[in-house]
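# Coordinate analysis (summary)
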Amino acid sequence: MMNLKEALELLEGTLLTPECDLGLEFTRVFASDLMSDVLAFMDAGTLLITGLVNTHVVCTAGLAEAAAVVFVQGKRPSAQVLDQARANKLPLLSTPLPMFEACARMGAGRPK
Amino acid sequence: MVDERIFRHSYPVEGGDFSHAGEVSCQMKNLLKEMGVNGQILRRAAIASFEAEMNVIMYAASGTVELTVTPEEIRISIVDEGPGIPDIELAMTEGYSTATAEMRELGFGAGMGLPNIKKNSDTFRLQSKPGLGTWLEFTIRRNGAGP
């Protein structure tokens, strides 16, 4: 079990939707750029790590009930995507780390 | 005589309109939530309808999604005016896809759509005629344990 505040510290991340609850907990992490795989294989309440920043990510994450989305490589979505996430109460995070490093840190569960 | 226990609503979907992809499924999910559907049943309906909506957007000129809700089940049927599916058995194979590079760049077209709709539904019927279009109907039982 981990919460968003701990994930932010591990990933040296930035919270893109400041109004969300950093105490929100999740038990699983799923990493993919394929939204088809997210829809087919991700469990509800999972933290999604992805390099895609389009509106389809927020839509997919919302419909598949992800706990939150982390964008890797310092990517930032457009204002439209941020608004969409806020409307869906979906927390968005950004990390400067590449996908592999982000996954490794989440797997280890501790900062480097 | 109108059966008040049955709710029915149709949504048009425009082929190629990636900017509005998912809106119909989001609307249906919110509506189902208001009707007291929740948990895994709601999630399965949302995921299956989104996959079906994306298929219309990716492959067809246009389509219609019809949502029917009864006390027993959620039924979603999709009729599209698209190229049709020449080999349904092949299309049902996980990983088989005819998606374009543009669709894949958006994160879709991995060949999981139809199998995933089947996985998330309790009944699944698919008929298609090449050159005419495709008809898909699936149901999710409201008291079902599901996958």
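Per chain, residue numbering runs from 1 following the sequence as it is written. Going through the entries in the order they are written, you letter the chains from A and number the ligands from 1. Per-residue local features are limited, in this predicted model, to residues with pLDDT of at least 70; the limit for side-chain atom pairs, both in listing and counting, is 80 or more; totals at the level of whole chains, interfaces and linings are taken over all residues.

Residue and element names in this part refer to chain B. Only strands joined by at least two bridges in the DSSP assignment are considered to pair. Numbering goes from the N terminus for both helices and strands, where a helix is a DSSP run of H or I of at least four residues and a strand is a run of E of at least two. Pairing in this open sheet of five strands is antiparallel, and the strands run β1-β2-β3-β5-β4 from one edge to the other. Of all the strands in the sheet, the pair left with one neighbour each is β1 (7-14) and β4 (123-129). When strand polarity is set aside, the average angle formed by the axes of neighbouring strands in this sheet is 10°. By the bridge criterion, eight bridges tie β1 to strand β2 (residues 62-69) in an arrangement that is antiparallel. Looking at the pairing, serine 10 lines up with glutamate 66 of β2. Contacts from helix α1 (residues 23-34) reach β1, β2 and β3 (73-81) within the one sheet, and its direction differs from that of β1 by about 165°. What counts as a contact here is a pair of residues whose C-beta atoms, placed from the backbone, lie within 7 Å. Structural elements are reduced to axes, namely lines fitted to C-alpha atoms, with helices fitted over the stretch in contact, and the angle between N-to-C directions of any two is expressed from 0 to 180 degrees. Where helix α2 (residues 39-59) meets the sheet, it contacts β1, β2, β3 and β5 (133-141), and its direction lies at approximately 5° from that of β3.

A few words now on helix α4 (residues 79-87) of chain A. Residue and element names in this part refer to chain A. Looking only at α4, the buried set comprises Val81, Gln84 and Ala85. Each buried residue of α4 lies within a common arc of 100° when the element is viewed along its axis, so the set occupies one face. Residues of α4 that are exposed and point over 90 degrees away from its buried face: Ala79, Gln80 and Ala87. Buried residues along α4 sit against α3 (55-63) and β7 (92-94). In the stretch just after α4, lysine 89 is the one whose phi turns positive, near 55°. Comment: burial labels come from other C-beta atoms within 10 Å of the residue's own C-beta, placed from the backbone, where a count of 20 or more is buried, 12 or fewer is exposed, and between is partly exposed. Directions from the helix axis toward the C-beta atoms define the arc.

Right, let's get into the interface of chain A and chain B. On the chain B side, the residues contacting the 17 residues of chain A number 18 residues. When residues of the side of chain A that touches chain B are traced back to their parent elements, those giving at least two are α2 (35-41) and α3 of chain A. For the side of chain A that touches chain B, a count of residues per class yields 10 nonpolar, four polar and three charged. Under the grouping applied here, Gly and all other residues not named as nonpolar or charged are polar, the nonpolar ones being Ala, Val, Leu, Ile, Met, Phe, Trp, Tyr, Cys and Pro and the charged ones Asp, Glu, Lys and Arg.

Think of a nonpolar core as buried Ala, Val, Leu, Ile, Met, Phe, Trp, Tyr and Cys residues, each tied to the set through C-beta atoms within 7 Å. Counting 67 residues, the largest nonpolar core has Leu48, Ala68, Val69 and Val70 of chain A as its most contacted members. No other element matches α2 of chain B, which puts 12 residues into this core. Those residues within four positions of valine 69 of chain A in sequence are excluded, and the remaining contacts are Leu48, Thr50, Val57, Ala61, Leu90 and Leu92 of chain A.

Looking at chain B, the pLDDT average stands at 93 and 96% of residues meet or exceed 70. The ipTM, which scores confidence in the relative placement of chains, is 0.87 for this predicted complex, and the corresponding pTM is 0.91. Confidence of the predictor at the level of single residues is captured by pLDDT, which takes values from 0 to 100.

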